[in-house]
Amino acid sequence: MYSKNHDPGAGDGPPPSRFKASGLRSRHLAAHVVVAVWVVLALLAASTQQTLPVARWLAIHLFLLGAATTAIVVWSEHFAVAMLHAPLPDRRWSNARLAGLNTGVAGVLTGVWADLPVLTGAGCVLLVTAVGAHLGVLVRMGRGALGGRLAPIADYYRAAAAALIIGAVLGWLLATGKAGPGHYTGLKLAHVHVTLLGWIGLPVLGTLFMLWPTVLGVRMAENTTRLARRVLALTGGGLLTAVAGLTAGWRPAAVLGIAGYTVGVAVAAQLFARTVRRRPAISAAAAWMLAAAAGWLVVGVVVDLVVLAARPLGEIQDDIGSLVPVLLVGLVAQVLIGALTYLLPIVLASGPKERAALRAVLERGWAPRLVVLNLGIVLLALPLPGPLGTVGMLLAGAAGAAFLALALRVLVRSARGLLQDADKAGVARRPAVWGTAVGAVVTVLAVLVANSGGDTSGGTSAAGTAGAGAGTTRTVAVTLADMRIRPARVEVAAGTDLRLKVTNTDAQRHDLKVEDGPSTPMLAKGHTRVLDLGQVTEDREAWCTLPGHKAAGMTMDIVVKDDTATVSSGHEGHPSAAADSGGLDLSADFSSGWQPRTADLTPAPGGTVHKVELHAAHTTVEVAPGVKQQMWTFGGTAPGPTLHGKVGDVFEVTLVNDDPSMGHGIDFHAGSLAPDRPMRTIQPGERLVYRFRAEKAGAWLYHCSTAPMLQHMGNGMYGAVIIDPPGLKKVDHEYVLVSSELYLGTPGSTAQVTKMRQNTPDAWAFDGIANQYTQRPLNVKAGERARFWVIAAGPSDGIAFHLVGTVFDTVYKEGAYLLKPDQAGGSQVLDLATAQGGFVETTFPGAGHYAFVDHDMRHAEAGAHGMVEVSE
């Protein structure tokens with residue numbers, strides 16, 4: 001460890017003289033030039049947030065992945081050598097690792113910016129390789145080294161390097177869309193935590209155990225080593241638990257992990273507070289900056305813990321995202337400024353006088369800069385109106401730029417001295433790191449210039465000759481939510497003046513960038529912006545620019561049609577291109593005249609014998625908004641008619657095969673009988689009488705019994721039989737919801753059968769039509785009691801039926817009550833395997849919109865979603 005009294009020139013401190021003798025002064029100088037350039041680029045990107053859609057992501061990663069990572073690699077190796085009393089690593093390999101690291105960072109940034117997944121992947125591989133090599137060096141240093149009182153602090157650097165490797169892999173999954181929309185939220189939260197609290201937080205905490213008393217000029221507390229080990233166990237173990245929990249989507253584990261991390265930070269903060277003595281610090285500027293940074297770390301992890309504990313993971317990503325800039329500036333930038341204020345003069349100066357002169361430069365105006373910086377952070381942290389947030393960003397940026405100017409002045413001054421020394425010594429100038437730095441910076445600058453040259457303002461249009469739609473203005477409402485842009489396809493006549501009214505209805509921020517055209521800024525939930533594309537004369541694509549969102553499916557096609565008669569929204573009575581590709585636009589309108597299937601359960605008819613005639617036939621049905629599909633049906637609907645009766649009733653069903661091309665049969669799960677004759681396949685034109693007695697209560701499935709049943713059921717040949725349990729009480733509303741998968745395409749075709757066998761449906765549905773009850777909600781009044789009969793028709797997937805905003809007080813599943821209203825417990829989900837059935841009951845507490853879903857979110861987001869609209 002160094003102190004201000006160590007003077008290499010006087011020979012009173014072995015470590016400094018060793019570093020100088022080995023040429024590390026020039027390496028530190030070159031490395032910190034790289035750090036400074038990354039910071040400059042980050043400030044440039046931050047200043048263009050309103051015009052460059054990906055600028056916010058770029059600014060954060062230029063600073064964290066470029067500047068902070070370079071600084072951490074350099075200083076963690078530097079401190080590990082000092083604390084472990086280890087031999088210096090080979091300088092050539094150190095430079096190679098640093099060059100690889102920065103080249104990898106440049107590759108990642110360029111790949112994401114230019115939407116080149118291969119380059120992003122290559123950059124990640126290089127970055128992980130460089131950091132892995134750095135981790136290997138840190139591990140080797142501990143073997144055979146003399147060690148010392150602060151040797152355990154090297155474990156913080158090792159843990160941090162491992163965290164960055166995990167963060168880089170998660171970042172690659174997100175940036176390239178490999179995570180997929182279903183896992184995006186959890187992986188993004190895990191990525192943010194492991195990089196911010198792991199790669200940045202752990203080395204900061206570890207270094208402060210040594211740096212904090214050194215800056216204050218006091219002796220280290222006796223129990224520092226023991227506490228350092230304890231803090232690493234709490235923070236490292238907690239972070240690992242939290243990242244695993246977030247990745248798996250298990251919030252309790254995430255909360256537990258962040259709680260452990262918070263306790264570890266609190267233990268460290270208590271030690272740092274007890275270290276303060278009433279005597280002037282060696283560097284008051286550095287001490288105040290480090291103290292403020294530690295304070296923001298405490299604030300950040302406490303807020304993070306509260307947010308994680310209070311809200312579901314799917315709703316907090318924007319809150320956590322808002323916390324990132326605060327930790328970025330409050331913790332990372334401030335600790336970087338504080339540490340460099342103290343450390344740069346030590347590693348760059350050739351003697352005490354120069355060290356004092358350099359420190360005087362870096363401390364110039366530190367008190368006003370400290371106040372301005374932290375005032376800016378406060379404005380960023382509080383939920384204030386937009387202009388005040390902008391003021392906060394400007395204040396923080398001004399304070400950072402002021403220090404950057406001082407640091408550059410110090411670097412230039414030191415470089416001049418180094419060059420003079422080299423000239424005197426006749427040493428050849430071989431700035432390997434400088435070359436790498438320049439290459440990386442030039443690459444990033446080239447990308448910045450290339451991509452900022454386009455016109456990103458609103459109201460621009462593609463050049464070309466106006467066509468059939470010239471003079472026509474069309475405004476299309478576009479929504480951003482659930483990793484989708486709706487509508488996914490807009491068709492216009494050539495020459496149409498097109499405007500997109502873009503509204504973000506999602507919990508997290510999104511934007512919309514039109515190919516060779518305007519883009520919105522990042523839109524928070526509920527915010528709207530109109531994009532004027534001018535006259536559109538050629539096909540264009542639009543997408544959300546957040547890394548990974550485009551790859552995950554947040555895209556929209558703007559298609560120019562020459563024939564105005566064919567221009568449509570892409571969902572008017574025929575399968576669209578999106579539908580063909582499996583990308584249904586569930587927010588589109590159903591066709592004119594379409595009516596939802598009623599979910600009401602009609603009362604059981606009187607008498608004990610119920611005669612029904614079912615006709616097997618092919619029927620074209622609108623199975624999703626604007627998407628019509630030929631279905632194989634019983635009674636002309638998919639699912640077929642619901643049969644309702646009581647225990648002991650007899651059902652006499654006459655099946656008539658009106659299908660001219662194939663045979664069909666039927667299988668009622670509600671009856672017990674020998675299947676040989678009643679479940680036989682009948683040929684076209686034949687009739688069959690199927691008679692069974694319902695001896696047991698329950699919600700039963702019926703379906704076609706002809707092979708291959710996967711195709712017959714997958715194309716719609718199923719239905720429900722409801723047999724009331726004895727003594728079933730009357731309720732205000734009684735519904736039947738049959739869940740099923742939806743496979744588009746020609747029935748029986750190879751493509752459709754392949755999807756069935758691979759269980760990759762195009763959508764999931766209640767009562768045969770995706771999203772029908774979202775657009776046509778069920779209506780009840782507050783205080784009314786409703787019963788939901790649910791049957792999982794499959795043919796392959798079950799269901800986890802959930803009603804948002806309510807608790808079930810009655811659960812009846814597979815012929816038995818699991819819960820009754822007089823019991824203390826409640827239920828949130830009715831889980832049914834394929835072909836199982838049951839019902840749940842609840843009372844709606846007040847007016848509002850209560851969504852019901854299959855809580856397998858893949859199913860819910862792809863059509864297994866509906867709404868109960870409750871009025872007063």
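Residues numbered from 1 in each chain as written. Predicted model: local features only at pLDDT ≥ 70, side-chain atom pairs only at ≥ 80, totals over all residues. Heavy atoms only, no water.

Novice: Explain the overall build of the protein chain to me, using residue names and the numbers behind them.
Specialist: Looking only at helices and strands, the protein chain features 20 helices and 27 strands. Within the protein chain, buried positions represent 56% of all 872 residues. When contacts within the protein chain are restricted to residue pairs at least 6 apart in sequence, long-range pairs at least 24 apart make up 75% of them. Counting every atom, the protein chain has about 35,000 Å² of accessible surface; 58% of that belongs to carbon and sulfur. (Helix = DSSP H or I, 4+ residues; strand = E, 2+ residues; numbered from the N terminus. Buried < 20%, exposed > 50% of the residue type's maximum accessible area, 1.4 Å probe, protein only. Contact = heavy atoms within 4.5 Å. Areas by Shrake-Rupley, 256 points an atom, 1.4 Å probe, with all protein chains shown as cover.)

Novice: Lay out the packing of aromatic side chains in plain terms, naming residues and giving numbers.
Specialist: Applying the stated criterion across every chain yields a total of 23 aromatic pairs. Measuring from ring centre to ring centre gives 6.4 Å for F788 and F852, while their planes differ by 45°; the resulting arrangement is tilted. Of this pair, F788 sits in strand β20 (residues 785–794) while F852 is found in strand β26 (residues 848–854), placing the two residues 64 residues apart along the sequence. Classification of F788 by relative accessible area gives buried; the value is 0%. Judged by relative accessible area, F852 falls into the buried class, the value being 0%. Judged by centre distance (6.1 Å) and plane angle (40°), the ring pair of F801 and F852 falls under tilted. With F801 in strand β21 (residues 799–803) and F852 in strand β26, this pair connects stretches of sequence that are 51 residues apart. (Phe/Tyr/Trp six-rings, centres within 6.5 Å; stacked < 30°, edge-to-face > 60°.)

Novice: For the confidence of the model for the protein chain, give the residues involved together with the corresponding values.
Specialist: Confidence in the prediction for the protein chain averages 81 pLDDT; 83% of positions are at 70 or higher. The model gives residues 1–22 a pLDDT under 50, and that stretch makes 45 contacts with residues more than four places away or in other chains. Taken together, the stretch residues 426–468 has pLDDT below 50 and engages in 71 contacts with residues farther than four places along the chain or on a different chain. (pLDDT = per-residue confidence, 0-100.)

Novice: Would you mind going over the sheet that holds strand β25 (residues 837–843) in detail, with residue names and values included?
Specialist: In spatial order, the strands read β18-β17-β20-β25-β22-β23; together these six strands make up an open sheet with mixed pairing. Of all strands in the sheet, those bounded by a partner on one side alone are β18 (763–766) and β23 (816–819). Between one strand axis and the next, the sheet turns through 20° on average, direction left out of account. Bridge count for strand β17 (residues 733–742) against β18 is four bridges, and the pairing is antiparallel. When the bridges of β18 are listed, S739 appears paired with F766. (Pairing = 2+ DSSP bridges. Axes fitted to C-alpha atoms, helices over the stretch in contact; angles between N-to-C directions.)

Novice: I'd love a proper account of the packing of helix α9 (residues 251–275) against helix α10 (residues 284–310), names of residues and values included.
Specialist: In the contact formed by α9 and α10, the axes pass within 9 Å of each other and the chain directions differ by 160°. The angle between α9 and α10 falls in the class roughly antiparallel. Note on packing geometry: the crossing formed by α9 with α10 is left-handed. In contact with R251, A254, V255, I258, A259, Y261, T262, V265 and A269 of α9, α10 contributes L297, V298, V301, V302, D304, L305, L308, A309 and A310. Here the residues of the contact of α9 with α10 are counted per class, giving 15 nonpolar, one polar and two charged. (Parallel < 35°, antiparallel > 145°, perpendicular 65-115°, else oblique. Left-handed = near helix turned anticlockwise from the far one by under 90°. Nonpolar A, V, L, I, M, F, W, Y, C, P; charged D, E, K, R; others polar.)

Novice: Tell me about the sheet that holds strand β8 (residues 555–561), and please be specific about residues and values.
Specialist: One open sheet holds the four strands; their spatial order is β3-β8-β7-β5, and the pairing between them is mixed. Single-partner strands in this sheet number two, and they are β3 (489–493) and β5 (513–514). Note that strand β7 (residues 540–543) and β8 share four bridges and pair antiparallel. Within β8, the residue paired with R540 across the bridge is I558.

Novice: Describe the nonpolar core, with residues and values.
Specialist: By size, the foremost hydrophobic cluster in this structure holds 169 residues, and its most contacted members are F63, F209, V478, L500, L512 and M556. Among the elements that take part in this core, helix α11 (residues 313–348) stands out by supplying 21 residues, more than any other. When sequence neighbours within four positions are dropped, the list of residues in contact with F209 reads I153, Y156, M220, T224, L227, A228, V231, A268, L271 and F272. V653, Y690, Y702 and I722 belong to the second largest nonpolar core, which has 37 residues in total. (Core = buried A, V, L, I, M, F, W, Y, C linked by side-chain atoms within 4.5 Å.)

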